[in-house]
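Okay, here's what each chain looks like letter by letter:
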Protein chains: 2
Amino acid sequence: MTGRASAQAALETRRSVLRAAAELASVEGLDSVTIGRLADRLGMSKAGVIGQFRSKEKLQLETVELVLEDVRARVWKPVCHLDAGLPRLLAVCASWVRYAADPGYSGGCLLTQVTYDYDGRTGAVHDRIAEGRARWREVLRRDIDTAVAAGDLPPGTDAAQVVYGLESLAAGITPARLLHGDDQTEDWALRGMHAILGAPSTG
Amino acid sequence: MTGRASAQAALETRRSVLRAAAELASVEGLDSVTIGRLADRLGMSKAGVIGQFRSKEKLQLETVELVLEDVRARVWKPVCHLDAGLPRLLAVCASWVRYAADPGYSGGCLLTQVTYDYDGRTGAVHDRIAEGRARWREVLRRDIDTAVAAGDLPPGTDAAQVVYGLESLAAGITPARLLHGDDQTEDWALRGMHAILGAPSTG
DNA sequence: GATTTAAGAGTACGATCGTTCGTACGTCAA
DNA sequence: TTGACGTACGAACGATCGTACTCTTAAATC
């Protein structure tokens, strides 16, 4: 059997490695995260870093898993208890843009970064990102359909088009912030989302 | 003096290197473009590849310059002769999304790729991208202001917000296409832009 | 036709990449 | 206390990175 204290210490190590990997990846991209640099940054040996995972790709995948969980916890979880349909959609948009504008990584929202980085590649990371995004789209689409059924959105609304607009506006926050220093990105994105959803934007 | 024929051959080499670099960068990102892989792909030696440029960063910068020129030629140039204001804005949107949906690189629009890749970094590539995007924003903003003055957009229109919406919708095309295989991204983006600009979307 | 010039090949350099090995140390069960 | 187990280390592997050099070769100028 695995010892308890050592297992907990190992878990602690995993988390610190993943946290460092996420921070680094947000700035320079997921494949600029090298074992050696992580080892240096953490004061560990390369073997100690990679030993927790079995390969670099596994480490990358776990990093993706970490950020997906982070988004789920900070964007979806605070609003999932609300009434399905437009109310929850508006709340999702608010927490979404808030997260994107202040994700806790110095290189901006890591999910956006990895999404645009791996969209054109093949492999496990691409597939995982595509799957995660597809699920998120599904969540949004369901609430859009509910809103249409409730009469909160016009009948005949193209849910896919609405989803596209929302995710594009959310993803635009990071480059606007980091390339131009825009500090109103959260407002811009949220107002755009409200326009799409037919909600009045309070000044 | 530089010979004419050899200089032309060298220029040919430059272009083929840059074209290969752009194609590779669109898929795997600008810093996955290594001298060795370019040399292999082009059937050249590493020295022959890098000899045209003085360092890898110079090659990266010239690749960025190439794609900026490409966008200018294929997005802006076809519509720049139109009347300033809303007419030209609508035409820009059309050629913009058309370009983003079919940029000629197998990894999607390279400008979008590099933008989201380097937004959080420091260095010459980041700075050049930021400068290019700032100029593009300026072009858009001017036509928006003209449209407002002409009464084609409501007075009090927030030009920065409109610009943000347009560039976000354009940038959303690539991941939607490549991650989910969406083939209606051009429509989605264009309709979203028309909604922002208050133009009716013809079905 | 001889001289000059530059493009590109070839080779090598030190650094770093991801990965694998043997080993030392600490923790648990027996 | 002993034995088994797992963590993390240090060292080393072959491969590849960007760059710097020499050398060949072909074109341009005289």
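Computed from a predicted structure; not experimentally measured.

**Remarks on the overall build of chain A**
Thought 1: Along its length, chain A carries 10 helices and zero strands.
Thought 2: Along chain A, helices (α) and strands (β) appear in the sequence α-α-α-α-α-α-α-α-α-α when read from the amino end.
Thought 3: The dimensions of chain A, computed from C-alpha atoms along their principal axes, are 60 × 45 × 30 Å.
Thought 4: Pairs at least 24 apart in sequence give 65% of the contacts found in chain A among residues at least 6 apart.

**Focus: the layout of surface pockets**
Thought 1: Estimated volume of the largest pocket: approximately 1000 Å³.
Thought 2: Contributing elements (two or more residues each) for the lining of the largest pocket: helix 8 (159–171) and helix 10 (185–196) of chain A together with helix 8 (159–171) and helix 10 (185–196) of chain B.
Thought 3: Top element by residues in the lining of the largest pocket is helix 10 of chain A. It accounts for six residues.

**With respect to the UniProt feature "domain: HTH tetR-type" (unreviewed entry) in chain A**
Thought 1: Cross-referencing UniProt, the feature "domain: HTH tetR-type" (unreviewed entry) maps to residues 11–71 of chain A in the present numbering.
Thought 2: Along residues 11–71 of chain A, the helical share is 80% and the strand share 0%, with 21 Å between the first and last C-alpha atoms.

**Regarding the protein's contact with DNA strand C**
Thought 1: In the region of DNA strand C, 21 residues are neighbours, and T34 and K56 of chain A together with T13, S45 and Q52 of chain B sit closest.
Thought 2: Here DNA strand C approaches the protein such that, of its atoms within 4 Å, sugar and phosphate make up 69%.
Thought 3: In the environment of DNA strand C, a phosphate oxygen lies 2.8 Å from a nitrogen or oxygen atom belonging to the side chain of T34 of chain A.
Thought 4: K56 of chain A places a main-chain nitrogen or oxygen 2.7 Å from a phosphate oxygen of DNA strand C.
Thought 5: Counting residues per element, the ones that place at least two in the surface near DNA strand C are helix 1 (4–28), helix 2 (35–42) and helix 3 (46–52) of chain A together with helix 1 (4–28) and helix 3 (46–51) of chain B.
Thought 6: Of the residues in the surface near DNA strand C, the class split is nine nonpolar, eight polar and four charged.

**Observations concerning the interface of chain B and chain A**
Thought 1: Between chain B and chain A, the residue contacts involve 41 residues of the former and 41 residues of the latter.
Thought 2: Regarding the contact of chain B and chain A, the summed buried area is about 3300 Å², with carbon and sulfur atoms giving 57% of it.
Thought 3: At the junction of chain B with chain A, the criterion picks out two salt bridges.
Thought 4: The shortest N-O distance in the salt bridge between R137 of chain A and D182 of chain B comes to 2.9 Å.
Thought 5: Where chain B touches chain A, the interface holds 14 residue pairs in polar contact (both at pLDDT 80 or more).

**Observations regarding the relation of the copies chain B and chain A**
Thought 1: Rotating chain B by 180° and translating it 0.0 Å along the rotation axis places it on chain A, where the RMSD comes to 0.1 Å. The symmetry that links the two subunits is that of a two-fold axis. In terms of proximity to the rotation axis, the leading residue of chain B is S168 of chain B, whose C-alpha is 2.7 Å off the axis.

**Structural notes on the environment of A159 of chain B**
Residues and elements named next belong to chain B.
Thought 1: Secondary-structure assignment places A159 in helix 8.
Thought 2: Residue class for A159 comes out buried when judged on its relative accessible area of 9%.
Thought 3: With 16 residues separating them along the chain, A159 and D143 place their C-alpha atoms 9.3 Å apart.
Thought 4: Beyond its immediate sequence surroundings of up to four residues, A159 is in contact with R141, I144 and D145.

**A look at the nonpolar core**
Buried together is how nonpolar side chains tend to be arranged in soluble globular proteins.
Thought 1: In terms of nonpolar packing, the biggest core is built from 61 residues, with L38, W96, V114 and M193 of chain A touching the most fellow members.
Thought 2: Among the elements that take part in this core, helix 5 (residues 86–101) of chain A stands out by supplying 10 residues, more than any other.
Thought 3: Not counting the four nearest positions on each side in its chain, M193 of chain A is found in contact with C93, W96, V97, L166, L169 and A170 of chain A.
Thought 4: Among the nonpolar cores identified, the runner-up in size contains 60 residues, and L38, A101, Y105 and A176 of chain B belong to it.

**Here we look at the environment of I50 of chain A**
Residue and element names in this part refer to chain A.
Thought 1: By the element assignment, I50 lies in helix 3.
Thought 2: A relative accessible area of 24% places I50 in the partly exposed class.
Thought 3: Spatially, the C-alpha atoms of I50 and A9 are 15 Å apart, while their sequence positions differ by 41 residues.

**Observations concerning helix 2 of chain A**
Residue and element names in this part refer to chain A.
Thought 1: Listed in full, the buried residues belonging to helix 2 are I35, L38 and A39. Angularly, the buried residues of helix 2 cover 100° about the axis, an arc narrow enough to put them on a single face. In this structure, helix 2 carries D40 and R41 as exposed residues pointing more than 90 degrees from its buried face.
Thought 2: In the segment just after helix 2, G43 is the residue with positive phi, at about 70°.

**Some remarks on the environment of S106 of chain B**
Residue and element names in this part refer to chain B.
Thought 1: Here S106 lies in the loop between helix 5 (86–101) and helix 6 (110–118).
Thought 2: Put simply, S106 and E23 are 83 residues apart on the chain and 6.8 Å apart in space, counted from C-alpha to C-alpha.
Thought 3: Dropping the residues within four chain positions of it, S106 is found in contact with E23, S26, V27 and L178.
Thought 4: A polar contact is formed between the side chain of S106 and the side chain of E23, at a distance of 2.2 Å.

Conventions and cut-offs
Residues numbered from 1 in each chain as written. Chains lettered and ligands numbered in written order. Predicted model: local features only at pLDDT ≥ 70, side-chain atom pairs only at ≥ 80, totals over all residues. Heavy atoms only, no water. Helix = DSSP H or I, 4+ residues; strand = E, 2+ residues; numbered from the N terminus. Contact = heavy atoms within 4.5 Å. 1 Å grid on protein atoms, 1.4 Å probe; cavity = no way out; pocket = protein on both sides within 12 Å on 5 of 7 lines; lining within 4 Å. Points joined across faces, edges and corners; volume = space filled by probe spheres on them. UniProt positions renumbered as here; feature names shortened; annotations may be inferred. Near = heavy atom within 4 Å. Polar contact = N/O pair within 3.5 Å; in protein donor to acceptor, adjacent residues only side chain to side chain. Nonpolar A, V, L, I, M, F, W, Y, C, P; charged D, E, K, R; others polar. Buried area = accessible area lost by both parts, 1.4 Å probe. Salt bridge = Lys/Arg side-chain N within 4 Å of Asp/Glu carboxyl O. Least-squares fit on C-alpha atoms with pLDDT ≥ 70 in both. Buried < 20%, exposed > 50% of the residue type's maximum accessible area, 1.4 Å probe, protein only. Core = buried A, V, L, I, M, F, W, Y, C linked by side-chain atoms within 4.5 Å. Arc of directions from axis to C-beta.

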